Amino acid sequence: MQDKSNIDFENIRRMNEIAEVYEITGQEKKAERYHKNIIKLCDRHPKNERLLQCKIHSLNHLKKPYKSLETTNELLNMNPHNMMALFNIIKYLKEESHV
């Protein structure tokens, strides 16, 4: 039997692809709805590293840097060597230095 978090990850992956198509075609409201739903699905499994990465990705698309950094800290507490989390911090620091 497949783990529920694996099923959610596959759904999230597909939802993210759909959101990207909406973004490319200029349908920002639809993309935003998908990212909000992705975050809700990720919140069902707060201790899953892959899903935390998905949540960070969606938070960044929704332009929620502080919530993204909070989630990044959660991810680093689970795995201090997670490259996606480290890159997210670097991205945030670069953006903040240009403000």
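Relevant structure appears above.
It should be emphasised that the depicted structure is a prediction, and the values quoted were computed from it without experimental measurement. (Residues numbered from 1 in each chain as written. Predicted model: local features only at pLDDT ≥ 70, side-chain atom pairs only at ≥ 80, totals over all residues. Heavy atoms only, no water.)

Let's shift gears to the pattern of salt bridges. If you walk through the whole model with that rule in mind, you get 6 salt bridges. Across the pair Asp 43 and Lys 55 runs a salt bridge whose closest N-O atoms are separated by 2.6 Å. With Asp 43 in helix α2 (residues 28-43) and Lys 55 in helix α3 (residues 49-61), this residue pair connects regions lying 12 residues apart in the sequence. Of the charged contacts in the structure, one is a salt bridge between Glu 70 and Lys 67, with a shortest N-O distance of 3.3 Å. With Glu 70 and Lys 67 both in helix α4 (residues 65-78), this residue pair falls 3 residues apart, about one helical turn. On the accessibility criterion, Lys 67 (39% relative accessible area) is partly exposed. Here the salt bridges share partners, and the residues they tie into one network are Glu 10, Arg 13 and Glu 17. (Salt bridge = Lys/Arg side-chain N within 4 Å of Asp/Glu carboxyl O. Helix = DSSP H or I, 4+ residues; strand = E, 2+ residues; numbered from the N terminus. Buried < 20%, exposed > 50% of the residue type's maximum accessible area, 1.4 Å probe, protein only.)

Moving on to a nonpolar patch on the surface. A cluster of nonpolar side chains, Met 83, Leu 86, Phe 87 and Ile 90, forms an exposed patch at the surface whose accessible area comes to about 380 Å². Within the secondary structure, Phe 87 is located in helix α5 (residues 83-97). (Patch = residues over 30% accessible without salt bridge, like charges linked within 9 Å, V, L, I, M, F, W, Y side chains within 5 Å. Areas by Shrake-Rupley, 256 points an atom, 1.4 Å probe, with all protein chains shown as cover.)

The next point concerns the packing of helix α1 (residues 4-24) against α2. Put simply, α1 and α2 touch, their axes get as near as 8 Å, and they point 165 degrees apart. In terms of their interaxial angle, α1 and α2 are classed as roughly antiparallel. Every pair of crossing elements has a handedness; the one defined by α1 and α2 is left-handed. In this structure, α1 uses Asp 8, Ile 12, Met 15, Asn 16, Ile 18, Ala 19, Tyr 22 and Glu 23 to contact α2, whose residues at the interface are Glu 28, Lys 30, Ala 31, Tyr 34, His 35, Asn 37, Ile 38, Leu 41 and Cys 42. By residue class, the composition of the contact of α1 with α2 is 10 nonpolar, 3 polar and 4 charged. (Axes fitted to C-alpha atoms, helices over the stretch in contact; angles between N-to-C directions. Parallel < 35°, antiparallel > 145°, perpendicular 65-115°, else oblique. Left-handed = near helix turned anticlockwise from the far one by under 90°. Contact = heavy atoms within 4.5 Å. Nonpolar A, V, L, I, M, F, W, Y, C, P; charged D, E, K, R; others polar.)

Purely spatial values, then, with no claim about function.
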